[in-house]
Amino acid sequence: MKESIAISTDREALEPEYKYCLQTWAGGLDRFLSMQGGDDDGSYAKNSEAPASAITICKPLFLVAIQSLKLFRREEEMDSVRIADLGCATGYNTLATIDMVVESLRHRYIQECGLEPEFEAFFSDLPSNDFNSLFRSLPAAMLSDGKTRRYFAAGVPGSFYGRLFPKRKLHVVVSLSALQWLSKIPDEVLDKRSPAWNKGRAWIDGAKGEVVEAYAKQSEEDLESFLRCRKEEIVRGGMLFMVMGGRPRPEQPENQLGDPDSRAKHPFTTSMDQAWQVLLNEGLIDEETRDGFNIPVYMRSTEEVERGIKRCGGFEIQRIEYQKIVEHSEEKHEEWIKDPVSYGRAKANLVRATLRPIVETHLGPYLSEELFKRYENRVSSDTALLHKTCFYGVIIACAIRK
Ligand SMILES: C[S@@+](CC[C@H](N)C(=O)[O-])C[C@H]1O[C@@H](n2cnc3c(N)ncnc32)[C@H](O)[C@@H]1O
């Protein structure tokens, strides 16, 4: 199908952006990976429905885990109860999560110890996260009666694959819908001389074995780094609660979503590859630029997470399970079937919210927006897609520091 978007083909004018992209991919993603800040239609704050569903699904398990957590006494490990959300992004999800932890622990302290401790909440994400938007959306400043916000808030910039806090600092650590993001794209996946070169694909779902193996190896190393750091930072008896994108079965990791229908429809798969191909066909980018981009996300299985925790040691696993999340409500589905254009717009905003900062680093702002427009066009015009249901999977894991 022909795309109907007017574009400039002035390669000369775009050249500096190409040079910029090739330099910045080298090394890790720490400096530029983030969700899209602000609060416009393409922001993460307005497009975080799937992570919000993940929180709703894991909430009962999380509350049970908090109920069974050892309460720390003032004279022992704490002068305040310290909670960290790692990979907090911006918006409602992180604030609701911290509120939930503070409120349930506060009630327990009042009932079981007859005291109300002070709480500190650390919002942590990569330095490129829009911390300003996050802090602007915090509930009003804590009053002396603790009535508006019952915790002291602080931002902690840095990668959760490295140390973020002093030793034995934290009582509760949560990380929600963040650990599927790897620290880097494996080098061999971008290397055209390697058998693991992921030519013509933006992601690994359905990719050849060597590509998937390279991602799996990176994922294993990253999870290990994450756990080793948290092992240092969490006090004995403290809790690590993780929810991350995951797949239902250990076998066939190339089937990252565990469901062929989801594969057709997932925002990182078919339509994304087609959008890159359209940019290429139109002469706006060359093959090297297209193949130099990969989405640094890996969906682990419960077995992979369990193996990682056991190998790290120092944690007692309380629970690990896989849960399936339907992409959106039945009503929304019906609405979109009647209006594919608004479906395309919604999906394009979702990929803008999650991928714009890294796509912009690769292509520059102009071409990046052109890619998203073509993505929107593909999705709006592929009506068969609309009738499929898309599932996301999450792994929920809770462990106590021994
Ligand atoms: C999909 S968002 C989830 C945000 C939030 N936890 C929620 O549930 O809505 C993933 C977040 O993980 C962050 N992230 C990815 N890799 C990270 C890393 N290495 N260190 C810290 N944060 C990271 C991203 O910047 C992003 O804000």
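Note that the structure is predicted; figures quoted are calculated from it, not measured. (Residues numbered from 1 in each chain as written. Predicted model: local features only at pLDDT ≥ 70, side-chain atom pairs only at ≥ 80, totals over all residues.)

Peer 1: Just checking my understanding: could you explain the site of the ligand for this structure?
Peer 2: Contacts to the ligand come from 21 residues, most closely from Gly 87, Ala 89, Asn 93, Ala 178 and Trp 181. Taken together, the residues of the shell around the ligand sort by class into 11 nonpolar, nine polar and one charged. (Near = placed C-beta within 6 Å. Nonpolar A, V, L, I, M, F, W, Y, C, P; charged D, E, K, R; others polar.)

Peer 1: For this particular structure, what's the right way to read the environment of Leu 350?
Peer 2: By the element assignment, Leu 350 lies in helix α11 (residues 340–381). Of the residues examined, Leu 350 has 21 C-beta atoms within 10 Å and is grouped as buried. A C-alpha to C-alpha distance of 9.3 Å links Leu 350 and Glu 49, two positions 301 residues apart in sequence. (Helix = DSSP H or I, 4+ residues; strand = E, 2+ residues; numbered from the N terminus. Buried ≥ 20, exposed ≤ 12 C-beta atoms within 10 Å, placed from the backbone.)

Peer 1: Sorry, what's going on with the environment of Met 244 here?
Peer 2: With respect to the element layout, Met 244 can be found in strand β5 (residues 234–245). A C-alpha to C-alpha distance of 6.1 Å links Met 244 and Leu 176, two positions 68 residues apart in sequence. In this view, Met 244 contacts Ser 177, Ala 178, Leu 179, Gln 180, Arg 300, Val 394 and Ile 395; residues no more than four positions away in its chain are not counted. (Contact = placed C-beta atoms within 7 Å.)

Peer 1: How do you make sense of the sheet that holds strand β2 (residues 119–125) when you look at a structure like this?
Peer 2: Two modes of strand pairing occur in sheets, parallel and antiparallel, and in both the strands are linked by backbone hydrogen bonds. Pairing within the open sheet is mixed, and its seven strands lie in the order β3-β2-β1-β4-β5-β7-β6. Two strands in the sheet have a free side with no partner beyond their single neighbour: β3 (152–157) and β6 (315–326). Each strand of the sheet is rotated relative to its neighbour by a mean of 15°, with strand direction disregarded. As judged from the six bridges shared by β2 and β3, these two strands associate in the parallel manner. Bridge assignment links Glu 120 to a residue of β3, and that residue is Phe 152. (Pairing = 2+ DSSP bridges. Axes fitted to C-alpha atoms, helices over the stretch in contact; angles between N-to-C directions.)

Peer 1: Looking at this structure, how should I read the pairing of strand β1 (residues 81–86)?
Peer 2: Walk down a regular strand and you will see the side chains alternate between the two sheet faces. Counting buried positions over the six residues of β1 gives six, a clear majority of the element. Side-chain alternation along β1 places Val 81, Ile 83 and Asp 85 on one buried face and Arg 82, Ala 84 and Leu 86 on a second face that is also buried. The sheet contact formed by β1 and β2 spans six bridges and is parallel. Paired with Arg 82 across the strands is Glu 120, a residue of β2. The parallel pair β1 and β2 is bridged by helix α3 (residues 92–113), and the resulting crossover is right-handed. One ladder, built from three bridges, connects β1 with strand β4 (residues 170–176); its direction is parallel. The residue bridging Ile 83 from the neighbouring strand is Val 172, located in β4. (Right-handed = clockwise from strand over helix to strand, strands pointing away.)

Peer 1: Can you help me understand the confidence of the model for the chain in this one?
Peer 2: Atom-level detail of predicted coordinates should not be read off regions where pLDDT is low. When pLDDT is averaged along the chain, the result is 84; 84% of the residues meet or exceed 70. Summarising per-element confidence for the chain, the mean pLDDT is lowest in helix α1 (residues 11–24) (45) and highest in helix α9 (residues 302–312) (97). (pLDDT = per-residue confidence, 0-100.)

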